[in-house]
Protein chains: 2
Amino acid sequence: MARTPRNTLSADLIVRTALELMEAKGAGAFSLRGVAAELEVGPMALYTYFRNKDDLYDAVRNHLMSLLPPVPPEVPWPDQVRAVCRSLRLLMLQHPCLVQLLGGRPLSGHETARVAEGLLGVLRAAGFAPEAAARTHTTLFTYVLGSASWEIQMAAERRDPEAWRRLRVSIESLSAREFPAVVELAPELARTTGGDEQFDYGLDLLLSGLQARTA
Amino acid sequence: MARTPRNTLSADLIVRTALELMEAKGAGAFSLRGVAAELEVGPMALYTYFRNKDDLYDAVRNHLMSLLPPVPPEVPWPDQVRAVCRSLRLLMLQHPCLVQLLGGRPLSGHETARVAEGLLGVLRAAGFAPEAAARTHTTLFTYVLGSASWEIQMAAERRDPEAWRRLRVSIESLSAREFPAVVELAPELARTTGGDEQFDYGLDLLLSGLQARTA
DNA sequence: ACCTGAACACCGTTCAAGT
DNA sequence: ACCTGAACACCGTTCAAGT
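Residues numbered from 1 in each chain as written. Chains lettered and ligands numbered in written order. Predicted model: local features only at pLDDT ≥ 70, side-chain atom pairs only at ≥ 80, totals over all residues. Heavy atoms only, no water.

An unreviewed UniProt entry annotates chain A as AcrR family transcriptional regulator originating from Kribbella solani.

**Q** Just checking my understanding: could you explain the interface of chain A and chain B for this structure?
**A** When the parts of a complex come together, some accessible area is lost, and that lost area is often taken as the interface size. Taken together, the contact between chain A and chain B spans 66 residues of the former and 66 residues of the latter. Here chain A packs against chain B, burying approximately 5900 Å² in sum over the two surfaces, 61% of which is carbon and sulfur. When the buried surface of chain A facing chain B is broken down by residue, Arg135(A), Trp150(A) and Tyr201(A) rank first, second and third, together holding 13% of it. Connecting chain A to chain B are eight salt bridges. Glu184(A) is the salt-bridge partner of Arg124(B), the closest N and O atoms lying 2.5 Å from each other. Taken together, chain A and chain B are joined by 14 residue pairs in polar contact (both at pLDDT 80 or more). Within the residue set of the side of chain A that touches chain B, elements represented by two or more residues are helix H5 (97-104), helix H6 (110-125), helix H7 (130-159), helix H8 (161-172), helix H9 (180-192) and helix H10 (196-214) of chain A. If one sorts the elements of the side of chain A that touches chain B by residue count, H7(A) sits on top with 21 residues. (Contact = heavy atoms within 4.5 Å. Buried area = accessible area lost by both parts, 1.4 Å probe. Salt bridge = Lys/Arg side-chain N within 4 Å of Asp/Glu carboxyl O. Polar contact = N/O pair within 3.5 Å; in protein donor to acceptor, adjacent residues only side chain to side chain. Helix = DSSP H or I, 4+ residues; strand = E, 2+ residues; numbered from the N terminus.)

**Q** I tried to follow the protein's contact with DNA strand D on my own but got confused; where do I start?
**A** Every one of the 17 residues lining DNA strand D counts as a neighbour, but Gly42(A), Tyr49(A), Leu32(B), Arg33(B) and Met44(B) are closest to it. Sugar and phosphate atoms form 50% of the subset of DNA strand D atoms that lie within 4 Å of the protein. One nitrogen or oxygen atom from the side chain of Tyr49(A) is found 2.8 Å from a phosphate oxygen belonging to DNA strand D. The contact in question runs from a base nitrogen of DNA strand D to an N or O atom on the side chain of Arg33(B), over 2.5 Å. (Near = heavy atom within 4 Å.)

**Q** I would appreciate a short explanation of the protein's contact with DNA strand C in the present structure.
**A** The environment of DNA strand C is formed by 17 residues, the closest being Leu32(A), Arg33(A), Met44(A), Gly42(B) and Tyr49(B). A share of 49% is what sugar and phosphate atoms reach among the atoms of DNA strand C within 4 Å of the protein. Arg33(A) is positioned with one of its side-chain polar atoms (N or O) 2.5 Å from a base nitrogen of DNA strand C. At 2.8 Å, a backbone N or O of Gly42(B) approaches a phosphate oxygen of DNA strand C. When the residues that make up the surface near DNA strand C are grouped by side-chain class, the tally is nine nonpolar, four polar and four charged. (Nonpolar A, V, L, I, M, F, W, Y, C, P; charged D, E, K, R; others polar.)

**Q** Which parts of the structure should I look at to understand the UniProt feature "DNA-binding region" (unreviewed entry) in chain A?
**A** Following the UniProt record, one finds the feature "DNA-binding region" (unreviewed entry) at residues 31-50 of chain A. The annotated region residues 31-50 of chain A carries 35% helix and 0% strand content, and the separation between its end C-alpha atoms amounts to 14 Å. (UniProt positions renumbered as here; feature names shortened; annotations may be inferred.)

**Q** What exactly am I supposed to notice about the domain arrangement of chain A here?
**A** Residues and elements named next belong to chain A. Under the domain assignment, chain A is made up of domain 1 (11-65) and domain 2 (79-214). Using only C-alpha atoms to locate each centre, domain 1 and domain 2 end up separated by 27 Å. Each partner contributes residues to the interface: domain 1 has 13 residues there, and domain 2 has 18 residues. Buried area between domain 1 and domain 2, both sides added, is near 1400 Å², and the carbon and sulfur share of it is 63%. Three residues, Arg61, Leu64 and Met65, lead the burial of domain 1 against domain 2; their summed loss comes to 54% of the area buried on that side. The interface formed by domain 1 and domain 2 holds zero salt bridges in total. Between domain 1 and domain 2 we count two residue pairs in polar contact (both at pLDDT 80 or more) in total. The set of elements that each furnish at least two residues to the side of domain 1 that touches domain 2 consists of helix H1 (11-25) and helix H3 (53-65). It is H3 that provides the largest number of residues to the side of domain 1 that touches domain 2, a total of eight residues. Here the side of domain 1 that touches domain 2 is composed, by residue class, of seven nonpolar, two polar and four charged. (Domains from an automatic or database assignment.)

**Q** It is not clear to me how the relation of the copies chain A and chain B should be interpreted in this structure. Could you clarify?
**A** Each of the two chain copies can be generated from the other by rotation about an axis followed by a shift along it. Between the two copies, chain A and chain B, the superposition gives an RMSD of 0.0 Å; the rotation angle is 180° and the shift along the axis is 0.0 Å. Taken together, the rotation and translation relating the two chain copies correspond to the operation of a two-fold axis. The C-alpha atom lying nearest the rotation axis in chain A is that of Gly146(A); the distance is 1.8 Å. The share of interface residues of chain A whose copies in chain B are also at the interface is 100%, consistent with both copies meeting through the same surface. (Least-squares fit on C-alpha atoms with pLDDT ≥ 70 in both.)

**Q** Got a minute to help me understand the UniProt feature "domain: HTH tetR-type" (unreviewed entry) in chain A in this structure?
**A** Here, UniProt's "domain: HTH tetR-type" (unreviewed entry) annotation points to residues 8-68 of chain A. Helix makes up 57% of residues 8-68 of chain A and strand 0%, with an end-to-end C-alpha separation of 28 Å.

**Q** What should I look at first to understand a negative patch on the surface in this one?
**A** On the surface, a cluster of negative charge is made up of Glu20(A), Glu23(A), Glu38(A) and Glu40(A). Take Glu23(A): it is sitting in helix H1. (Patch = residues over 30% accessible without salt bridge, like charges linked within 9 Å, V, L, I, M, F, W, Y side chains within 5 Å. Areas by Shrake-Rupley, 256 points an atom, 1.4 Å probe, with all protein chains shown as cover. Lys, Arg positive; Asp, Glu negative; His and termini not counted. Charge placed at Lys NZ, Arg CZ, Asp CG, Glu CD.)

**Q** Got a minute to help me understand the side chain of Gln80(A) in this structure?
**A** Looking at the element boundaries, Gln80(A) is found in helix H4 (residues 77-94). Here Gln80(A) is in contact with Val71(A), Pro72(A), Pro73(A), Glu74(A), Val75(A) and Val122(A), once residues within four sequence places are set aside.

**Q** How should H6(A) be read in this particular structure?
**A** Every α-helical turn comprises 3.6 residues, leaving residues that sit three or four positions apart pointing alike. Look at H6(A): 22 Å from first C-alpha to last across 16 residues, which is about the 22 Å you get at 1.5 Å a residue. Looking one or two places after H6(A), you find Gly127(A), whose phi comes out positive at around 100°. (Expected span 1.5 Å × (residues − 1).)

**Q** Explanation requested: the packing of helix H4 (residues 77-94) of chain B against helix H7 (residues 130-159) of chain B in the structure shown.
**A** When two helices pack together, their arrangement is given by the angle between their axes and by how far apart the axes lie. All names here are of chain B. Where H4 meets H7, the closest approach of the two axes is 9 Å, and the angle between their N-to-C directions is 35°. Pair H4 / H7 crosses with right-handed handedness. Seen from H4, the contacting residues are Val81, Cys85, Leu88, Arg89, Met92 and Leu93; seen from H7, they are Leu140, Phe141, Val144, Leu145, Ala148, Glu151 and Ile152. In terms of residue class, the contact of H4 with H7 is made up of 11 nonpolar, no polar and two charged. (Axes fitted to C-alpha atoms, helices over the stretch in contact; angles between N-to-C directions. Left-handed = near helix turned anticlockwise from the far one by under 90°.)

**Q** Would you mind showing me how to read helix H10 (residues 196-214) of chain B here?
**A** Look at H10(B): 26 Å from first C-alpha to last across 19 residues, which is about the 27 Å you get at 1.5 Å a residue. Gln198(B), Phe199(B), Asp200(B), Tyr201(B), Gly202(B), Leu203(B), Leu205(B), Leu206(B), Leu207(B), Gly209(B) and Leu210(B) are the residues of H10(B) that are buried. Among the structural elements, H7 and H10 of chain A together with H4, H7 and helix H9 (180-192) of chain B are those in contact with the buried residues of H10(B). (Buried < 20%, exposed > 50% of the residue type's maximum accessible area, 1.4 Å probe, protein only.)

Shown next, in the form of structure tokens:
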């Protein structure tokens, strides 16, 4: 590797490198020194572009949020809501660190507003009153956040053989007398954990609740 | 402070001390060395009771899960579901670190099964088929997880004056042409973010969807 | 078994200095 | 402005040693 302490450094390059490291090793193992090493610069070089680690976190989150596709026009509003929620979930699954970035840092930046704008615009156009639109938006967003977070967690569990073994043993050691429902439904729980179908199940519950309310 | 390197140390004492520190400073600032200092022992004393930091995290999560109250009997099943979800949310709000512990660590332990048992038992008794019970359980759990996580985040934001100021500025600087819905609904969003009412709004949407399906 | 102390390989960040 | 290098106050964890 040749030395590259030229003018090649930029905020954008740092964000892209940070994102790569987060996705490769998980957001927990991410470090400023790791980014600096990857870019073959000293750790302090990054401080020219970002005030501190949290500032870099914000920039990465903002970059990820900008990847969200726009709302499909010209379709009924329930389909629009479904599309927004699905693409938000997909973005989180493709970039698992996004969940941690959303849950651990204050909000800021126009990209976050852009996400809210899409869903709120759809709901307002569908005739939702201001308060109902706001409440519905928050409900949908938190459902997507929670289910994606849980899905990522479970996928990580399945990937780690040791963790997966411990979970299987833990479930199989449960007494059927003390935990009848868990023991009976263990196969169903394993089969229905994660996946598009599970996500749509909850999303459809929310949408049918909404449609019952607007009718 | 007198020295206490006697036989006063125990797994239970360490868990309680760790929990105190997590709640005081946030789960992010928590460290093994901090717990050891609080207990006035060397950092290595903890390794007699826990294999590593993650092992202690699991113990704390298990302890918190054991605090969940039992399901109220002798009421209609929608009220039972509501009660379980509300008390789970309340537990998360009272112990914000629980959300991070659930989202960042593999599952294990009987306490986690106990939580699932309550909700699954209610749904099975209400006549839900195995797959529907499993899917509904996951949907409800992820909704509680996501909304509590978001609520904790927002509460932290409001507590930190600097973060709160940045958020206000960020919202006020949005152009009404680019973000019409966000600008219009900003007061509604602020007013409806968090709180029992917002949580129940989404929970009722899910429940009315469920009741429409079982009828 | 229960706990200590030194050591290792890491962190984020400050400070003073170079260009 | 852009980047370096040394230093500080932290981490989790290993290892060898004490009782």
